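Remarks on the overall topology
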Amino acid sequence: MSFFGKKRPSLPDAFEAQTLEHLDALYAVSCRLTKAPLDAEDLVQDTLVKAMRARGQYEPGTNLKAWLFKILHNTFINKYRRGGLERLVLEGPDADPLADGWVSAASMRALRDPESQALRPLVQEEIHKALDELPEEFRLAVVLSDVEELSYKEIAEVMGCPVGTVMSRLHRGRRLLQKRLYDHAVYLGIAPADDALSEEAGAVDIARYRARKRGHG
Amino acid sequence: MTTPCRTVACLVETYLDDELEPSQLLEVEKHTTTCTTCRERIQLDRAIRMGVRRSVDTKASVSFRARVTHSMTAERWASAERAAASGVPTWRAVGLAVAATVAAVMGLERQNRPETDGVAGPVQANASASVGLDAMIDQFVDWHARPLPPEITNVNDLPGFEPYVGVPVRPRALAPFGAKLLGGRILPVREQNCAAMLQYTLDGSHRVSIYVFDPRRVGTHPSKLHAKIIGSAPVYVGQIKGWSIAAAERSGVGYAIASDLGDDASAELALAAAPAP
C-alpha cells in the first residue's frame, strides 16, 4: 500500500516559511492585545490558519507582516468584541484629561535615561502597565509603529482607518504613555512634582473620546 | 528666522516615525543642531519607544511554535483535499502544490507499486492508517530540501524538544567530523508525532540534516532503504529524490540523516550522532 494513502501532503512553501518568520512578532502583538498568553496563542493560531486559507488574497511584494497583522486585528475584533473590559479601562481612574505635550528640560533629563539611575526595571514595568491600559486602538497603533515599524499607511490598512486617524491615535497613545511615565518619575522622586505637563496645547479629553466611540459624542 | 521650538515639537513624533516631508525634515534637523531642549525632547521620545519595544518583546515558545506549524500543515493538507474534492483550487498556489504532490505520489508509487502509476484519486477509507517509517523519511527529505528557519541555535536548548519528540534529543557532537550546528526545530509528522530536526553544515559546503524521532509507532525497517552493517550495527541507507538518506536506531531512539553526501559518509554520520548504547 502507499505510505501516504492519497493524503500525501503538499510541501510547505515560501509563503509558509515567511509567515512563520513573523510568528514572534504576531505573538508579541497578540499578547499586548489580549493581555493573556493563552488567549494570545489562540489568536495567533486562528490568524495563521485564516492566513493559509486567504493566501490567494495576499499580493506578493507587499508587506506580508502588515497583511498578517490585518488578519490578526480582524480576528481579534471578531473574537473578543470590545465590551466591558475596555470600557472599564477607558472609564477607570486614569480617564482624566490629558495634556498635549510639554515636558520641561529637567524632567526630560530625568526620564530619558533611567538606566543610569538603576531605575530601569521600575520604569520598564510602568511602561508595560501604561501600555496595557491604553485604549485598544491607541495601543495597537503604538505597538505597530514603535515595535513593528510599520508605516502610517500600513497601520491604516491593518486597522481599517484613514492615515489621519492613525496619526491621531499614535499621538494620543504616546502622550498618555509619556504622562504616565512622568507621573511615575515624580512618584519615584526623579522628576520635580511642580514640573507638570502644561495643558496649553489642547488637552485630549479621553472621556469625550470614549463617549464618541460609543456613539454618544 | 529660525523655526520656533513649538513648531518643531509638533514635528518630533513624525520625524521619529520617518514620515516627514523632506522640507520639514531639514527644518527639524537644522533646529536641533542648535536647540538642546528639542534635542532632549527627541531623546526622550526615543527612550520611551525603546521602553515600549522592550515591553512588547515576547518570543513564542517552542511548544507553541510546534503547535502552529502543525496546524498550518494540517490546513495545507485540508486545503489540498478540499481542492481535490471540488476540483476548484481554493487559492492561487494550490495548482503548484498539488502538482508537486501528484508528482511526488507518482514518483513514490512508481518505486513501490508500478501498477498504480498515475493514480491520484479521492481519499481512500484506510488513508488515515499510521504513517510508516518510509513516509516519515520522505517527509524528512522534503524538510531537508526546503528547510524552515531554525527555532533554536544553542545546542543546550535541545532537551526542550524532548516533550514533543518523546525520546531524548541529545545527539553526540559532530564537531570531529567538521560539522557545525546551525540550529534545530520541531517538525510535525503525522499521528501527532513530532521529530526534532538539527541542521548542520559540514566542511562549510555540505548541508546536513539530522532527525531524532520516536521509532515506536513507525517501525524500524524502512523498505525503501537497504541495510548496511557497520561494525555490528545495521544502518539503512539509500537515495531519495537525489538526497542521500541514512537511518538507524539506537537504544530506542530513531536517527535519520539527509544530505548530499555519499551513502557511506551518511551512514557513518547517522551512527556518530547516535549516542553509544
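Residues numbered from 1 in each chain as written. Chains lettered and ligands numbered in written order. Predicted model: local features only at pLDDT ≥ 70, side-chain atom pairs only at ≥ 80, totals over all residues.

**Observations concerning the overall build of chain A**
For the record, the criterion: Working definition: helices are DSSP H or I runs of at least four residues, strands are E runs of at least two. Numbering for both runs from the N terminus. Each residue is classified by how many other C-beta atoms fall within 10 Å of its C-beta atom, where C-beta atoms are placed from the backbone; a count of 20 or more means buried, 12 or fewer means exposed, and values in between mean partly exposed. The contact criterion used here is simple: two residues whose C-beta atoms, placed from the backbone, lie within 7 Å are in contact.
Of regular secondary structure, chain A possesses 11 helices and 0 strands. Walking chain A from its N terminus toward its C terminus, one meets helices and strands in the order α-α-α-α-α-α-α-α-α-α-α. Looking at chain A as a whole, 43% of its 217 residues qualify as buried. For chain A, restricting intrachain contacts to residue pairs at least 6 apart in sequence, the fraction spanning at least 24 positions comes to 74%.

**Considering the overall build of chain B**
The helix and strand tally for chain B stands at 8 helices and 7 strands. Sequence-distant contacts, at least 24 apart, represent 55% of the contacts inside chain B between residues at least 6 apart.

**Considering helix α4 (residues 62-86) of chain B**
Put simply, the rule is: Here, expected helix span is obtained from the residue count minus one, scaled by 1.5 Å.
Between its first and last C-alpha atoms α4 of chain B spans 36 Å; for 25 residues at 1.5 Å apiece the expected length is 36 Å, and the two agree. If you check which residues of α4 of chain B are buried, you get R65, A66, V68, T69, M72, T73, R76, S79, A80 and A84 of chain B.

**Some details on unusual backbone geometry**
Residue E149 of chain A is not a glycine yet carries a positive backbone phi of 55°. As for its placement among the helices and strands, E149 of chain A is situated in the loop between α8 (136-147) and α9 (152-159). Classification of E149 of chain A as exposed rests on a count of 12 C-beta atoms within 10 Å. Positive phi is not limited to glycine here, since K241 of chain B has a value of about 50°. Take K241 of chain B: it is sitting in the loop between β5 (233-240) and β6 (243-250). By the C-beta count within 10 Å, which is 14 here, K241 of chain B ends up partly exposed.

**Brief notes about the nonpolar core**
Formally: The term nonpolar core refers to a group of buried residues, namely Ala, Val, Leu, Ile, Met, Phe, Trp, Tyr and Cys, whose C-beta atoms join them within 7 Å.
One finds V29, L72, A141, L144, I155 and L181 of chain A to be the most contacted residues of the largest nonpolar core, which totals 50 residues. Contacts of A141 of chain A, omitting those with residues within four sequence positions, involve I155, M159, V166, R169, L170 and G173 of chain A. Formed by 49 residues, the second largest nonpolar core is a distinct cluster that contains A66, L133, F140 and A195 of chain B.

**Some thoughts on the packing of α8 of chain A against α9 of chain A**
All names here are of chain A. Keep this limit in mind: In this analysis, axes come from line fits to C-alpha atoms, helices being fitted only over the stretch in contact, and the angle between any two N-to-C directions falls in the range 0 to 180 degrees. For this classification, under 35 degrees means roughly parallel, over 145 means roughly antiparallel, 65 to 115 means roughly perpendicular, and everything else is oblique. Crossings are sorted by hand: turned counterclockwise from the far helix by less than a right angle, the near helix makes the crossing left-handed, and turned clockwise it makes it right-handed. The classification used treats Ala, Val, Leu, Ile, Met, Phe, Trp, Tyr, Cys and Pro as nonpolar, Asp, Glu, Lys and Arg as charged, and all other residues, Gly among them, as polar.
Contact geometry of α8 with α9 gives a least axis separation of 10 Å together with a crossing angle of 140°. Considering their axes alone, α8 and α9 lie oblique with respect to each other. α8 and α9 meet at a crossing whose hand is right-handed. Residues E137, L140, A141, L144 and S145 of α8 lie in contact with α9, whose contacting residues are I155, V158 and M159. For the contact of α8 with α9, a count of residues per class yields 6 nonpolar, 1 polar and 1 charged.

**Focus: helix α4 (residues 64-79) of chain A**
Residue and element names in this part refer to chain A. With 16 residues, α4 ought to run about 22 Å at 1.5 Å a step, and its terminal C-alpha atoms sit 22 Å apart, in line with that. Within α4 the residues assigned to the buried category are K65, W67, L68, F69, I71, L72, H73, T75 and F76. Close packing links the buried residues of α4 with α1 (14-21), α2 (23-34), α3 (37-53), α8 and α9.

**Quick notes on the confidence of the model for chain A**
Test applied: Each residue carries a pLDDT value, the predictor's own confidence for that position, ranging from 0 to 100.
Per-residue confidence for chain A averages 74 on the pLDDT scale, and 62% of its residues sit at or above 70. In this model, residues 83-102 of chain A is a region of pLDDT below 50 whose contacts with residues beyond four sequence positions or in other chains number 36 contacts.

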